[in-house]
Amino acid sequence: MPNEPTLEEALRVLKLSNIKRYKYFIERIVETGVVHAIAVGNNYVMLDDDSGKTVCCPLWPAVIFAELWAGPEAFAPHQLLGSEVAAFELDVMLNEFLPDLRKQGLDVGICFDRTTDGPVVPVDKVIADIENELSKTKRALH
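Residues numbered from 1 in each chain as written. Predicted model: local features only at pLDDT ≥ 70, side-chain atom pairs only at ≥ 80, totals over all residues. Heavy atoms only, no water.

**Quick look at the overall build of the chain**
So the rule is basically this: What counts as a helix is a DSSP run of H or I of at least four residues, what counts as a strand is a run of E of at least two, and both are numbered from the N terminus. Relative accessibility thresholds used throughout: buried, under 20% of the residue-type maximum; exposed, over 50%; partly exposed, between the two (1.4 Å probe, protein chains only). Two residues form a contact once any of their heavy atoms are found within 4.5 Å. Values of accessible area rely on a 1.4 Å probe in the Shrake-Rupley scheme; residue burial ignores everything except the protein chains shown.
For the chain, the helix and strand inventory stands at five helices and seven strands. Listing each helix as α and each strand as β along the chain from the N terminus yields α-α-β-β-β-β-α-β-α-β-β-α. Of all 142 residues assigned to the chain, the portion counted as buried reaches 44%. Sequence-distant contacts, at least 24 apart, represent 69% of the contacts inside the chain between residues at least 6 apart. Total accessible area computed for the chain in this model is approximately 8100 Å², and 53% of it derives from carbon and sulfur atoms.

Structure (structure tokens):
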């Protein structure tokens, strides 16, 4: 994957506060044009609250973050679930995936670390912040 962060950079990012981690996520996905989730067969990993209600879908700005969260056992060749890190182009994320999460009433878990710590953000905020960052980037390019 082009421009993949080093392990050292990823570990440094995972030590940031939730606000700074979220900002890194937004800036990084706008820069690369790609968002990552973990696919299990034809589905995506979703997280439940303590009552068992599905509440969020974790997303990451690069493959290494998803692999650090899931751990090597999730991607082992003998893994029956067939887990893999799935890459979404940013336009697919904005126009299809995130609106589908919104319809399901789910939030987005941003750049979770191994302990599933990280910001949980409403879909509408993620979409608005991505669009805002895209508009800033476009202005800077002209």
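**A word on the sheet that holds strand β4 (residues 54-59)**
For the record, the criterion: For two strands to pair, DSSP has to find at least two bridges joining them. Angles run from 0 to 180 degrees between N-to-C directions of axes, and those axes are lines fitted to C-alpha atoms, restricted for helices to the stretch in contact.
Read from one edge to the other, the open sheet built from four strands follows the order β3-β4-β6-β7, with strand pairing classed as mixed. The outermost strands of the open sheet, each flanked by one partner alone, are β3 (47-48) and β7 (120-122). Two strands pair when backbone bridges link them, and β4 and strand β6 (residues 107-110) are joined in this way by four bridges, in the parallel orientation. Looking at the pairing, Cys57 lines up with Val108 of β6. Running at roughly 155 degrees to β4, helix α4 (residues 90-103) makes contact with β4 and β6 of the sheet.

**Quick notes on the packing of helix α1 (residues 7-14) against helix α3 (residues 63-70)**
To keep things clear, this is the line we draw: By the definition adopted for this analysis, an angle is roughly parallel if under 35 degrees, roughly antiparallel if over 145, roughly perpendicular if from 65 to 115, and oblique otherwise. Left-handed describes a crossing in which the near helix is turned anticlockwise from the far one by less than a right angle; the clockwise case is right-handed.
Contact pair α1 / α3: the axes reach a minimum separation of 10 Å and the direction vectors enclose 70 degrees. Between α1 and α3, the crossing angle belongs to the class labelled roughly perpendicular. Judged by the twist between their axes, the crossing of α1 over α3 is right-handed. Touching Leu7, Ala10, Leu11, Val13 and Leu14 of α1 are Ile64, Phe65 and Leu68, all from α3.

**Examining unusual backbone geometry**
Here the phi dihedral of Cys111 falls at roughly 50 degrees; this positive angle occurs in a residue that is not glycine. Mapped onto the secondary structure, Cys111 falls in the loop between β6 and β7.

**What about the sheet that holds strand β5 (residues 83-89)?**
Whether parallel or antiparallel, the strands of a sheet pair through hydrogen bonds between backbone atoms. Strand order in the open sheet made by the three strands is β2-β1-β5, with antiparallel pairing throughout. Only two strands of the sheet have a single neighbouring strand rather than two, namely β2 (43-44) and β5. Bridging between strand β1 (residues 34-40) and β5 involves seven bridges; their strand directions are antiparallel. What sits directly across from Ile38, in β5, is Val85. With respect to the sheet, α4 is in contact with β1, β2 and β5, its orientation differing from that of β5 by roughly 90 degrees.

**Comments concerning the state of the cysteines**
Heads up, the rule is: Criterion for a disulfide: a pair of cysteine sulfur atoms within 2.5 Å.
On inspection of all chains with the given rule, the structure shows zero disulfides. Sulfur of Cys57: no disulfide; nearest cysteine sulfur belongs to Cys56 and is 7.3 Å away. Since its relative accessible area comes to 0%, Cys57 is described here as buried.

Read these as spatial facts, not as claims about activity.
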